[in-house]
Amino acid sequence: MGSSEKSLTGKALLEKIRSDFMGLDTMYLTARGESSRRVYLDSTASSLLLRPAASVAAEFMNHYSNTHSKLHHSAHISTTAYHWAHQRVLSFIGADPEIYTCFFTGSGTTGGINRMARVFRDVHPHKDTAIVSIMEHHSNDLPHRKHMKNVYHVPVEGLNENKMCISLPKLEQALIKGAGRVAYVSITAVSNVTGIINPIHDIARLAHKYGALLMVDGAQSVAHLPTKMFHPDDPAACIDALVFSGHKTYTPGSPGVVVARKDHLLAIEPEEVGGGMVERVLEDRYQVKTAFPDREEAGTPNIPGAIALAATIEILDRIGMPTLMEEEEKVMQAAMQGLKAIPEIIVYGGTNLDLCPRAASISFNVSGMDHGLVAAVLNDYHNIAVRNQCFCAHPYVKEMMSEDLEAQFGIIDFGNMSPEFMRKAGMVRASFGLYSTLEDVDLLLSALKDIIQNAEVYNREYEVNAENDYAHKSYKVNNEDVFTIMAAVDRYLSK
Ligand SMILES: Cc1ncc(COP(=O)(O)O)c(C=O)c1O
């Protein structure tokens with residue numbers, strides 16, 4: 001980078017990097033026999049890789065060393081860079097390093113939530129209950145069920161244009177009912193199904209008012225909107241722990257991230273033990289480090305992944321999250337307006353983005369068509385990659401679809417589902433990232449119009465396979481012609 005490029009910030013930097021992601025120009029052959037650009041609308045599952053971050057990580061690899069080594073040059077460089085990565089995350093999310101620490105764990109949010117559920121349980125051994133909402137991803141539900149004795153699921157707010165965000169009055173009722181027993185509340189900042197944004201600082205105030213801690217699942221918020229641990233005017237509105245995934249923050253291959261209050265972590269022995277987190281080990285005892293993050297990172301960490309993620313975060317921060325959010329809102333507005341204008345489309349959750357703000361995701365169905373068929377046609381004919389089914393959020397999807405499903409199937413039992421029911425019980429999700437464009441939205445909308453117009457034709461061209469998915473009867477792609485590890489190894493070795 002030249003010095004003039006170095007100083008690019010804000011929108012100018014966004015314009016420069018928004019097309020610099022790996023996979024934006026990936027081409028596939030469609031069922032029409034044409035090769036076209038894949039339109040990636042599955043960023044909520046995993047976002048594409050920001051190329052400059054990958055380049056920084058590749059450059060770092062010239063100096064790679066284990067951060068537990070000490071006295072050679074590479075050890076110094078690696079240790080300094082890895083330390084910087086932690087500090088960078090903390091400042092990105094407004095976490096005072098005196099109060100909070102950041103540590104990397106696992107490959108995403110799931111590992112961090114499991115870890116912090118055990119920490120919060122052990123910090124308050126006399127409390128046996130966690131509160132979550134029914135809009136959570138399974139990764140912010142099952143860990144609490146496993147590690148806590150009781151888990152209460154707060155309903156969503158169905159009023160106000162069928163909003164589908166967490167009901168604060170019902171959360172308060174649950175906190176009052178569980179007074180003295182609720183160790184913590186764990187809530188997603190943004191739904192991975194509807195993209196609906198929860199008021200995490202209001203939730204923190206409520207949790208703290210009743211003596212509970214607050215953990216926030218930031219998997220869908222950190223890359224899309226300003227997400228802060230601190231509330232400048234109100235200490236009660238601060239968050240006790242935040243967890244997010246590097247692979248959803250434009251850095252696939254990077255670890256999961258936990259930011260948590262040091263005093264909670266210091267109150268108990270770290271959940272994971274091994275090399276790197278101890279001062280002294282004798283045969284009959286060991287002494288755990290008090291220094292963060294070492295204490296929480298047993299074993300050799302994913303150093304290159306953390307460095308790539310820190311590079312991404314540096315770039316996101318130079319753009320500024322408010323700027324980035326504003327730009328993504330334009331794409332969300334266009335998608336929402338376009339979807340609402342098609343009468344055959346059912347959008348789930350409140351559709352007035354002023355009353356019901358969302359980030360990144362919109363889930364919908366095409367009336368009279370199964371979600372799997374719509375997703376398959378989008379892929380096969382239009383080269384548009386979306387996710388379908390229940391997005392690891394069964395209770396929330398059930399809440400939004402139960403009326404429709406009951407009309408078709410009578411009383412429904414999500415625990416005992418026929419293949420036909422499964423083909424109906426689900427949605428199609430279009431999700432966006434900072435590289436998503438208004439052109440991508442137009443392509444999605446015109447593809448959906450085509451699908452609606454030609455529903456009968458498409459229905460005839462597909463059959464349901466053994467996995468209960470829609471498979472085209474004649475268009476068969478051998479994706480191994482496109483990529484295999486072996487072929488790629490051969491290609492690089494023969495250069
Ligand atoms: C809201 C939310 N929480 C948790 C997770 C789990 O994240 P990971 O798969 O990175 O562990 C996801 C993944 O989609 C998610 O969307």
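Residues numbered from 1 in each chain as written. Predicted model: local features only at pLDDT ≥ 70, side-chain atom pairs only at ≥ 80, totals over all residues.

Colleague: If you had to explain the packing of helix α8 (residues 168-177) against helix α9 (residues 200-209) to someone new, which residues and values would you point to?
Modeller: Running from amino to carboxyl end, α8 crosses α9 at an angle of 20 degrees, the nearest separation of the two axes being 10 Å. By the angle class used here, α8 and α9 are roughly parallel. Here α8 runs over α9; the crossing is right-handed. Of the residues in α9, those in contact with Leu-168, Leu-171, Glu-172 and Leu-175 of α8 are Asp-202, Ile-203, Leu-206 and Ala-207. The class makeup of the residues in the contact of α8 with α9 is six nonpolar, no polar and two charged. (Axes fitted to C-alpha atoms, helices over the stretch in contact; angles between N-to-C directions. Helix = DSSP H or I, 4+ residues; strand = E, 2+ residues; numbered from the N terminus. Parallel < 35°, antiparallel > 145°, perpendicular 65-115°, else oblique. Left-handed = near helix turned anticlockwise from the far one by under 90°. Contact = placed C-beta atoms within 7 Å. Nonpolar A, V, L, I, M, F, W, Y, C, P; charged D, E, K, R; others polar.)

Colleague: Please give an account of the sheet that holds strand β8 (residues 150-154) that cites residues and values.
Modeller: One open sheet accounts for seven strands, arranged β6-β14-β13-β12-β11-β7-β8; its pairing is mixed. Of all strands in the sheet, those bounded by a partner on one side alone are β6 (100-105) and β8. On average, adjacent strands in this sheet sit at an angle of 20 degrees to one another, irrespective of strand direction. Two strands pair when backbone bridges link them, and strand β13 (residues 241-245) and strand β14 (residues 256-261) are joined in this way by five bridges, in the antiparallel orientation. The partner of Leu-242 across the bridge, within β14, is Val-259. Against the sheet, α9 contacts β11 (182-188) and β12 (213-217), and its axis sits at roughly 155 degrees relative to β12. (Pairing = 2+ DSSP bridges.)

Colleague: Outline the packing of helix α3 (residues 51-60) against helix α11 (residues 303-319), supporting the account with residue identities and numerical values.
Modeller: The N-to-C vectors of α3 and α11 enclose an angle of 140 degrees; their axes lie 8 Å apart at closest approach. The orientation of α3 relative to α11 falls into the category oblique. Crossing hand, α3 versus α11: right-handed. On α11, the residues that touch Pro-52, Ala-53, Ala-54, Val-56, Ala-57 and Phe-60 of α3 are Pro-304, Ile-307, Ala-308, Ala-311, Thr-312 and Ile-315. Taken together, the residues of the contact of α3 with α11 sort by class into eleven nonpolar, one polar and no charged.

Colleague: Describe the pairing of β11, with residues and values.
Modeller: Look at any regular strand and the pattern is simple: side chains alternate between the two faces of the sheet. Of all seven residues in β11, seven are buried; the element is thus mostly enclosed. Inspection of the sheet shows β11 paired to β12 by five bridges, in the parallel sense. Within β12, the position partnered with Thr-188 by the bridge is Asp-217. In this fold, the crossover linking β11 to β12 by way of α9 has right-handed handedness. (Buried ≥ 20, exposed ≤ 12 C-beta atoms within 10 Å, placed from the backbone. Right-handed = clockwise from strand over helix to strand, strands pointing away.)

Colleague: Give me the sheet that holds strand β20 (residues 387-389): which residues, what numbers.
Modeller: In a beta sheet, neighbouring strands pair by backbone hydrogen bonds and run either parallel or antiparallel. Strand order in this open sheet of four strands is β17-β18-β21-β20, and the pairing throughout is antiparallel. The two strands at the open ends of the sheet, each matched to only one other strand, are β17 (345-347) and β20. Geometrically, the sheet is characterised by an average inter-axis angle of 30 degrees between neighbouring strands, direction not taken into account. As paired elements, β17 and strand β18 (residues 361-366) share three bridges and run antiparallel to each other. Bridge pairing in β18 links Ile-346 to Asn-365.

Colleague: Go over the domain arrangement of the protein chain, please, and point to the residues and values.
Modeller: Domain boundaries assigned for the protein chain yield domain 1 (3-48 + 320-481) and domain 2 (55-318). For domain 1 and domain 2, the distance between their C-alpha centroids amounts to 28 Å. Elements that contribute at least two residues to the side of domain 1 that touches domain 2 include exactly α2 (10-17), α12 (321-340), β18 and α14 (394-409). Among the residues forming the side of domain 1 that touches domain 2, the class breakdown is 21 nonpolar, nine polar and four charged. (Domains from an automatic or database assignment.)

Colleague: Would you mind going over the site of the ligand in detail, with residue names and values included?
Modeller: Residues in close proximity to the ligand total 14 residues, the closest being Gly-108, Thr-110, His-137, Asn-192 and Ser-245. Taken together, the residues of the shell around the ligand break down into two nonpolar, eleven polar and one charged. (Near = placed C-beta within 6 Å.)

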